[in-house]
Amino acid sequence: MHGVADIDAAIGAGIETSTTLPDAQRLSLLENVMKAANLGAIVLDGEHRIVLWNRWMERHSSCAANAALGTDFFALFPDLRQKRVGSAIVQALRDNFPSLLSQTLNKAPFPLYANAMLRGERIQQAVAITPIDVAGAGRHCLIQINDVSNAVGREKLLRDQTLVLRTETFLDGLTGVANRRHFDMAMEKELRRAKRIGSALSLLMIDIDHFKSYNDHYGHQQGDACLIRVAGALASTLQRPGDLLARYGGEEFAAILPETGADHAWQLAEAIRARVEELNISHAHAGSIKQVTVCIGIASQDIHAPLESGDLIGAADRALYLAKHAGRNRIMAQRPGQSEPEAS
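The sections below set out a description of the structure shown in this document. (Residues numbered from 1 in each chain as written. Predicted model: local features only at pLDDT ≥ 70, side-chain atom pairs only at ≥ 80, totals over all residues. Heavy atoms only, no water.)

**Here we look at the overall build of the protein chain**
Thinking step 1. Helices and strands together make up the secondary structure of the protein chain, namely twelve helices and eleven strands.
Thinking step 2. Residue burial in the protein chain is summarised as follows: out of 344 residues, 42% are buried.
Thinking step 3. Within the protein chain, contacts between residues separated by at least 24 positions form 57% of all contacts whose residues are at least 6 apart in sequence.
Thinking step 4. Carbon and sulfur atoms make up 52% of the accessible area of the protein chain, which amounts to about 17,800 Å² in all. (Helix = DSSP H or I, 4+ residues; strand = E, 2+ residues; numbered from the N terminus. Buried < 20%, exposed > 50% of the residue type's maximum accessible area, 1.4 Å probe, protein only. Contact = heavy atoms within 4.5 Å. Areas by Shrake-Rupley, 256 points an atom, 1.4 Å probe, with all protein chains shown as cover.)

**Concerning the packing of helix α10 (residues 220–237) against helix α11 (residues 262–279)**
Thinking step 1. Two elements in contact, α10 and α11, have axes whose closest approach is 9 Å; the angle formed by their N-to-C orientations is 140°. The element α10 and its partner α11 pack so that their crossing is right-handed. Across from Arg 229, Val 230, Ala 233, Leu 234, Ser 236 and Thr 237 in α10, the residues of α11 making contact are Leu 268, Ala 271, Ile 272, Arg 275, Val 276 and Leu 279.
Thinking step 2. Its residues placed into classes, the contact of α10 with α11 shows eight nonpolar, two polar and two charged. (Axes fitted to C-alpha atoms, helices over the stretch in contact; angles between N-to-C directions. Left-handed = near helix turned anticlockwise from the far one by under 90°. Nonpolar A, V, L, I, M, F, W, Y, C, P; charged D, E, K, R; others polar.)

**Some thoughts on unusual backbone geometry**
Thinking step 1. Despite not being glycine, His 48 shows a phi value in the positive range, around 70°.
Thinking step 2. Counting through the fold element by element, His 48 comes out in the loop between β1 (40–44) and β2 (50–53).
Thinking step 3. Positive phi, close to 60°, is recorded for Asn 96, a residue that is not glycine.
Thinking step 4. You can see Asn 96 is positioned in the loop between α6 (84–95) and β3 (99–100).
Thinking step 5. For Asn 96, a relative accessible area of 37% translates into the label partly exposed.

**Let's talk about the nonpolar core**
Most often, soluble globular proteins have nonpolar side chains that are buried together.
Thinking step 1. Within the largest apolar cluster, 30 residues are counted, with the highest numbers of intra-cluster contacts made by Leu 204, Val 230, Phe 253 and Ile 296.
Thinking step 2. In this structure Ile 296 touches Leu 204, Met 205, Ile 206, Ala 269, Ile 272, Arg 273, Leu 320, Ala 323, Arg 330, Ile 331 and Met 332, once residues within four positions along its chain are discounted.
Thinking step 3. Residues Ile 42, Leu 44, Leu 112 and Cys 141 belong to the second largest nonpolar core, which totals 27 residues. (Core = buried A, V, L, I, M, F, W, Y, C linked by side-chain atoms within 4.5 Å.)

**A look at α11**
Every α-helix carries 3.6 residues per turn, so stepping three or four residues along brings you back to the same face.
Thinking step 1. With 18 residues, α11 ought to run about 26 Å at 1.5 Å a step, and its terminal C-alpha atoms sit 26 Å apart, in line with that.
Thinking step 2. Looking at the packing, one finds that the buried side of α11 touches β6 (201–208), α10, β8 (252–258), β9 (294–300) and β10 (331–333).
Thinking step 3. Just beyond α11, the residue with positive phi is Asn 280, at close to 55°. (Expected span 1.5 Å × (residues − 1).)

**What about the sheet that holds strand β5 (residues 138–147)?**
Thinking step 1. Taken in spatial order, the five strands make up an open sheet running β2-β1-β5-β4-β3, and their pairing is antiparallel. In this open sheet, the two edge strands, each paired with only one partner strand, are β2 and β3.
Thinking step 2. Note that β1 and β2 share three bridges and pair antiparallel. When the bridges of β2 are listed, Leu 44 appears paired with Ile 50.
Thinking step 3. Across the sheet, α6 touches β1, β3, β4 (125–134) and β5, and the angle it forms with β5 is around 145°. (Pairing = 2+ DSSP bridges.)

**Some words on the packing of aromatic side chains**
Thinking step 1. Across all of its chains, the model carries eight aromatic pairs by this definition.
Thinking step 2. Seen from their ring centres, Trp 53 and Phe 77 are 6.2 Å apart, and the 20° between their planes marks the pair as stacked. Of this pair, Trp 53 sits in strand β2 while Phe 77 is found in the loop between α5 (73–76) and α6, placing the two residues 24 residues apart along the sequence. Considered together, Trp 53 and Phe 77 belong to a single accessibility category, that of buried residues.
Thinking step 3. Here the aromatic rings of Phe 73 and Phe 77 are separated by 5.2 Å at their centres, their planes lie at 55°, and the arrangement is tilted. Here Phe 73 and Phe 77 have matching classes, each one buried.
Thinking step 4. Ring pairing ties together the aromatic residues Trp 53, Phe 73, Phe 74, Phe 77 and Phe 110, which thus form one cluster. (Phe/Tyr/Trp six-rings, centres within 6.5 Å; stacked < 30°, edge-to-face > 60°.)

**Topic: the environment of Ala 186**
Thinking step 1. For Ala 186, the position within the fold is in helix α8 (residues 180–197).
Thinking step 2. Residue classification places Ala 186 among the buried residues on the basis of a relative accessible area of 12%.
Thinking step 3. Between the C-alpha atoms of Ala 186 and Leu 244, which are 58 residues apart in sequence, the distance is 8.0 Å.
Thinking step 4. The contact partners of Ala 186, leaving out residues within four places of it in the chain, are Leu 244 and Ile 256.

**Describing the pattern of salt bridges**
Thinking step 1. Per the stated rule, a full pass over the model turns up 13 salt bridges.
Thinking step 2. Among the ionic pairs, Arg 247 bridges to Asp 172, the shortest N-O distance being 3.3 Å. With a gap of 75 residues between them, Arg 247 in strand β7 (residues 244–249) and Asp 172 in the loop between α7 (149–170) and α8 connect regions that are remote in the sequence.
Thinking step 3. Arg 247 sits in the buried class, given a relative accessible area of 16%.
Thinking step 4. With a shortest N-O distance of 2.7 Å, Glu 270 and Arg 273 are connected by a salt bridge. With Glu 270 and Arg 273 both in helix α11 and three residues apart, the pair spans about one turn of that helix.
Thinking step 5. A relative accessible area of 13% places Arg 273 in the buried class.
Thinking step 6. One connected set of salt bridges, linked through shared partners, spans Glu 190, Arg 193 and Glu 259. (Salt bridge = Lys/Arg side-chain N within 4 Å of Asp/Glu carboxyl O.)

Next up, the structure:
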């Protein structure tokens, strides 16, 4: 078995050092570089025996070099034999094929820790396995392990920040439901989908009755609280994952109902109207009812005559307008192109 000096000589064969240094000093320099390197360095011979184990490995594995040297690598790390590290070692020694392990798929293959005595969570690792030809001793392989925990942590922070930003971009800041931008994008997507598969699609436009007078009487802070409670009631009534509730603007909300025909849309609208009424939010200036209520306009497209989003929204808006002018706390439905609305 060849020693560390032989391996250092092989690794250092391509490294330029001063020609004035005697061979013994040159090898000592290379050995000290390997020991001081801020990465894990393991060298295996053709029989998978460990012939180099640097200080970084000692520090992060709690295994001293004198215990590792001469040991079969797979006896020390039996779990790695059937994993990507094991196959990469075989490819390096047998086929002279280098490997760079995907950090995404092999986050922490070695049991290495920031503090080997305390253990805890493994450090995140980038692993490279490189074949090395040692004169007179056959092929060896070098395993290099870099601690990429900080880089992974930064990437995770960036992903989290991106997710927060994306969430803020598509959610209404007050009520927590989808905002107008999200609604516009979802409306186009669902219309395209409905056209493509020939499915039904309905839209509810929902407006809180006499909300301006509520705000004027109770103040904007209580007005915001009212919006939050109503939004919660609307969202809790829509149970299907594909349904989308959005704050369309001010006190107006919209609900996109994929694969929902006119009859089912009416049932959902009535459930929403009743749910808001059950909140029993006092409203001194709401006429004879004296509590917060909503009006709802429904529009459903004919699956045989697909529409553009403006047509469906326009029909729902007209139905909502008629509902509000028919006495509030009620529902109107109008198909695009229909002359007379249906009312509750």
